[in-house]
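Overview (structure and organization)
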Amino acid sequence: MKSAPSPDEIRRRNLAVLLRHVHASGPMSRAELAERMGLNRSTILALTTDLAAAGLVREELPGQTGKAGRPSLVVRPESERVCVLALDVGADRLAVARVGLGGTILDRSEMPRETGTFDPDEVIAELARMTESMMDAAREGTVCVGVGLAFCGMVRERDGVVRYGPNIGWVDVPVGALLSERLGVPVAVGNNANLGAVAERERGVGTGVRDLIYLHGEVGIGGGVIMGGELLGGEGGYGGEVGHMIVNPGGRACRCGARGCLEAEAGELALIAAAGRGDLPGRAAVAAIVDAAARGDADARDALHQVGDWLGYGVANLVNVFNPTLVVFGGVLREIYLAAAAQVRSRLAVNGLLAVRERVRLRTSALADDAPLVGAAELAFAELLTDPLQTLARARGDLRASAE
């Protein structure tokens, strides 16, 4: 028979729940927190006092409420004092952000890279340089409570090993362990599309949606699938590789070794080839084709129509299988969808089952290129939001040890 939780366990759990509310929803009054958590105001007072003493939240008087009586104090996350580092290894860039508690991006740095094979040692060294420089610029007393990395490939969930990153030439690279050793703190690693899905659900266009699919385009196409509010990871954490769903058997060769994958037919390489251009792949190449089509270039317009049609096949398949409320287009797919929405919707209308397509909404990412970074930040905050006081104490201990 399972024993009842101790008072300390209940307190720790309530501290975590309260901090998660403030982190996810922003400043809230004590009265709102009491209502959400089903606790009395004296308990909320004790919890907020503990979190404020630790430096995780602060309390202040609200603005004019127009209500009679003593106003309830507002609890705010200490965004400037408590942060995480979010990293993104994309097929054409490295990006780093310092994200405060509550999801505020405090600082951001990006380094474009030519597409192709990335040397793991060079990537680790560059990410370490960027993160160290960012923390050096932070105000004195800032505490970093975690590091999260979004990666453009298949990541083994349990240990952060990149099993396969075809667009940058990585196979079985222990990027989490290597970066942890370099930075001196644990680094959590996730697939960039999975983390983009989390970001859009928590802070983007999918806020409050329990069933959504996020499609992220760079050189390849990745997907994050959230059903019933939970990210579908699958065995090992490799779920969501929708870019390698076959939509055109015998079609264009894909870097994974197959032919006719969604990313081979609807990704940026396919768009560049269909437009008859020799541009290097990347965001700039996609933007140039979209701009040319808008100015009347027939080749660019036809290329977008062709790619949009294949993208529509992929969306129809996903909608039929998962019955989502929302499909979100991120990365370069954001621009491709905006320019080829008619083709995508037409293909969905033909190939999507009526019962599942009639209510699905197609939207572009509200977080744009920052979606994987925001998702990586949420991954990095996970430990703090599970056990706030212990995690904060450990982070401060790590800071003292590194200073010594």
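See the structure shown above.
Model, not experiment: these values are computed from the prediction.

1. Describing the sheet that holds strand β12 (residues 212-217)
Pairing in this open sheet of five strands is mixed, and the strands run β14-β13-β12-β15-β16 from one edge to the other. Of all the strands in the sheet, the pair left with one neighbour each is β14 (230-231) and β16 (361-364). Judged from the six bridges that link them, β12 and strand β13 (residues 221-227) form a sheet pairing that is antiparallel. If you follow Y214 over to β13, its bridge partner there is G224. Sheet strands in contact with helix α10 (residues 298-322) are β12, β13, β15 (326-331) and β16, and its direction is about 155° off that of β12. The sheet contacts of helix α11 (residues 332-351) involve β12, β13, β15 and β16, and relative to β15 the element is tilted by about 145°.

2. Looking at unusual backbone geometry
For D172, which is not a glycine, the phi torsion comes out positive at approximately 55°. By secondary structure assignment, the location of D172 is in strand β10 (residues 170-173). In this structure, N323 takes a positive phi of about 50° despite not being glycine. Inspection of the secondary structure puts N323 in the loop between α10 and β15. The exposure class assigned to N323 is partly exposed, which follows from its relative accessible area of 44%.

3. Digging into the packing of helix α1 (residues 7-25) against helix α2 (residues 30-37)
In the contact formed by α1 and α2, the axes pass within 11 Å of each other and the chain directions differ by 120°. Taken together, the axes of α1 and α2 lie oblique to each other. Of the two elements, α1 crosses α2, and the hand of that crossing is right-handed. Contacts from N14, V17, L18, H21, V22 and S25 of α1 reach α2 at L33, R36 and M37. Residue classes in the contact of α1 with α2 are distributed as five nonpolar, three polar and one charged.

Thresholds, definitions, all that
Each chain has its residues counted from 1, running along the sequence as written. Where local features are concerned, this predicted model is filtered to residues with pLDDT of at least 70; where side-chain atom pairs are given and counted, the filter is 80 or more; whole-chain, interface and lining totals use all residues. Note that water and hydrogens are dropped before the side-chain values are worked out from all heavy atoms of the structure. A pair of strands counts as paired when DSSP detects no fewer than two bridges linking them. In this text, helices come from DSSP runs of H or I with a minimum length of four residues, and strands from runs of E with a minimum of two, each type numbered from the N-terminal end. Throughout, a residue-residue contact means that at least one pair of heavy atoms, one from each residue, lies within 4.5 Å. All axes are obtained by fitting lines to C-alpha atoms, using only the stretch in contact for helices, and the reported angles, taken between N-to-C directions, cover 0 to 180 degrees. The buried label goes to any residue with under 20% of its type's maximum accessible area, the exposed label to any with over 50%, and the partly exposed label to all in between, with areas taken from a 1.4 Å probe on protein chains only. Just so you know how the angles are binned, under 35 degrees is roughly parallel, over 145 roughly antiparallel, 65 to 115 roughly perpendicular, and the rest oblique. Definitions for this section: a left-handed crossing has its near helix turned counterclockwise from the far helix by less than a right angle. A right-handed crossing has that turn clockwise. Think of it as three bins: nonpolar holds Ala, Val, Leu, Ile, Met, Phe, Trp, Tyr, Cys and Pro, charged holds Asp, Glu, Lys and Arg, and polar takes everything else, Gly as well.

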